[in-house]
Amino acid sequence: MAIFTTFMTTPSVMAIYKPARGVSPYTRRKLQPESSPISGSKNKELRLLACVHGPGNVPSLINLIESTRSTKKSPLKLYIMHLVELTERSSSIVMVQRVRKNGLPLINRLRNRKSHDRVAVAFEAYGQLGRVKVRPMTAISALPTMHEDVCHVAEEKRVTMMILPFHKQGRRGEDGVVAMENVGHGWRMVNQRVLKYAPCSVAVLVDRGLGGGGGQETPGPTSAISVAQGVCVVFFGGPDDREALEFGGRMAEHPGVTVTVVRFVDAKETEKNGVILMPTPEKCTEKNYSFSTAVMDREREKELDEIAVTEFRKRWDGLATYVEKEASNIVESVLAIGRSEEYELIVVGKGRFPSTMVAELAEHTAEHAELGPIGDILASSGHGVVSSVLVIQQHDVEHANEAPVSKVFVGNTNGSSSSSHASPAANSSTFSSSV
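Right, let's walk through the structure included here. Each residue is numbered by its place in its chain's sequence as written, counting from 1. Per-residue local features are limited, in this predicted model, to residues with pLDDT of at least 70; the limit for side-chain atom pairs, both in listing and counting, is 80 or more; totals at the level of whole chains, interfaces and linings are taken over all residues. Heavy atoms from the whole structure form the basis of all side-chain values; hydrogens and water molecules are not counted.

## Quick word on a nonpolar patch on the surface
A cluster of nonpolar side chains, M1, F4 and M8, forms an exposed patch at the surface whose accessible area comes to about 390 Å². Numbering of helices and strands starts at the N terminus; helices are DSSP runs of H or I of at least 4 residues and strands are runs of E of at least 2. Residue position: F4 is located in helix α1 (residues 2-16). Of the residues examined, F4 reaches a relative accessible area of 54% and is grouped as exposed. Residues enter patches when they are more than 30% accessible in relative terms and free of salt bridges; like-charged ones are connected within 9 Å and nonpolar ones (Val, Leu, Ile, Met, Phe, Trp, Tyr) within 5 Å. Under the convention used here, a 1.4 Å probe and the Shrake-Rupley method define accessible areas, while residue burial counts only the protein chains that appear. Any Lys or Arg side-chain nitrogen located within 4 Å of an Asp or Glu carboxyl oxygen qualifies as a salt bridge. Here's how the labels work: a residue is buried when its accessible area is under 20% of the maximum for its type, exposed when over 50%, partly exposed in between, all with a 1.4 Å probe on protein chains only.

Right, here's the structure in full:
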């Protein structure tokens, strides 16, 4: 019997498991397809990894996902990751012991069992009500290594985009005003590391009560699912903005969402008005914006921007509104959109390879440098912005390396003297945003 079993094991295993089949390559690391900036992404399953810190993030995240979900054409598979900080408290040790029970790793899938975790219960209820494939899980880790768990799951689950909660959580007071509460600098560092090492596109949600969330308690199974009714996509150009445009296109499919694309154009843009951004690594990354050090073809980027906008208008004609706006003061124009109360959500690109208009903001002092100039303006407190903000970074290996910059004006004698102080290494990686 032992000999018979031995000889039968190998052919039986080979019949069931065929390693020669292999695994299809992980290609959908961003929303925007490689073949065409907009078209060709529909009718494919969209895999999202949404991270939460606690129950306060759940309502707004559900509203965002529901607004993004295509009703018929593109199926959605949602992975929920509850991020729990590992501390020296006994409660955390008990949690680790429970998660590692039966030899399981620290990332434990919470399915096929009852759970008292309100986060998992809320998303499981949403999956049943919204007919969405939801896979909840929990990651228990120290904050300095939390990004490793997030990136590992994103790679393993082959997700197209991950959504991170901002380190400041909006809380709606009795007077209806949403105040931003800082949940901790450590969580901000987690977001920064995920943005740097993510294997796919990343979106950071600055929540100011999206869809009526505002830090309310986790909705129950019978709660009505709402959507962000007014959405504005701010478009300046570049890979990140094109990813934001693609995201806005998916939201335009929802019958309850009204999408408006505001494209800023510079009528005075001339060769003399161009600027050059020179990498300056010695600058503090906390207070200065970082841009991609990749050498890119500016004309090709402009061509891709035009193709993306043209195909967006063609595909979503009648479902989305397209507006071009000339602005002499970009900061005030963007803030006017956030203060207008016309939009519950504003979608912007991080802008690692900025247009000329965004490049002019390079030397501004940053409050949240990881969001880029436009995202930082809308996320900063004290500006009177009432809309929630979604800052999107497109996955692109060419933009992986970033550095703070110094702005140099083209055609200015002072600018030429500034460039002479740059080191040879900096000159070799200089990238230009001039037209």
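There is more to say, and it comes next.
## A word on the environment of G56
Here G56 lies in the loop between β1 (46-52) and α2 (58-68). Through-space distance from the C-alpha of G56 to that of R171 is 8.8 Å; in sequence the pair is 115 residues apart.

## Let's talk about unusual backbone geometry
Even without glycine at this site, R158 takes up a positive phi of about 60°. Position of R158 among the secondary structure elements: in the loop between α5 (143-156) and β5 (161-165). Residue R158 is classed as partly exposed on the basis of its relative accessible area, which comes to 25%. If you check the backbone angles, E341 has positive phi at about 65° while not being a glycine.

## Considering the packing of aromatic side chains
Centre distance within 6.5 Å is the pairing criterion for rings of Phe, Tyr and Trp, where only the six-membered ring of Trp is used; planes under 30 degrees apart are then read as stacked, over 60 as edge-to-face, and the remainder as tilted. Applying the stated criterion across every chain yields a total of one aromatic pair. Ring centres 4.9 Å apart and planes at 5° place the aromatic pair F236 and F264 in the stacked group. Of this pair, F236 sits in the loop between β9 (230-235) and α7 (239-252) while F264 is found in strand β10 (residues 258-265), placing the two residues 28 residues apart along the sequence. Across this residue pair, the class does not change: F236 and F264 are buried.

## Details of the packing of helix α9 (residues 330-339) against helix α11 (residues 372-379)
Interaxial distance between α9 and α11 falls to 10 Å at its minimum, and their mutual angle equals 50°. Judged on the interaxial angle alone, α11 and α9 are oblique. In this structure, α9 meets α11 at a crossing whose hand is right-handed. Residues I330, V331, V334, L335 and G338 of α9 touch α11, and the partners they reach there are I374, I377 and L378. Of the residues that constitute the contact of α9 with α11, the class distribution is seven nonpolar, one polar and no charged. Fitted lines through C-alpha atoms give the axes, limited to the stretch in contact for helices. The angle between two N-to-C directions lies from 0 to 180 degrees. For classification purposes, an angle smaller than 35 degrees is called roughly parallel, one larger than 145 roughly antiparallel, one from 65 to 115 roughly perpendicular, and anything else oblique. A crossing counts as left-handed when the near helix is turned anticlockwise from the far one by less than a right angle, and as right-handed when that turn is clockwise. Residue contacts are defined here by distance: any two heavy atoms, one from each residue, within 4.5 Å place the two residues in contact. As a working rule, the residues Ala, Val, Leu, Ile, Met, Phe, Trp, Tyr, Cys and Pro are called nonpolar, Asp, Glu, Lys and Arg charged, and the rest polar, with Gly in that last group.

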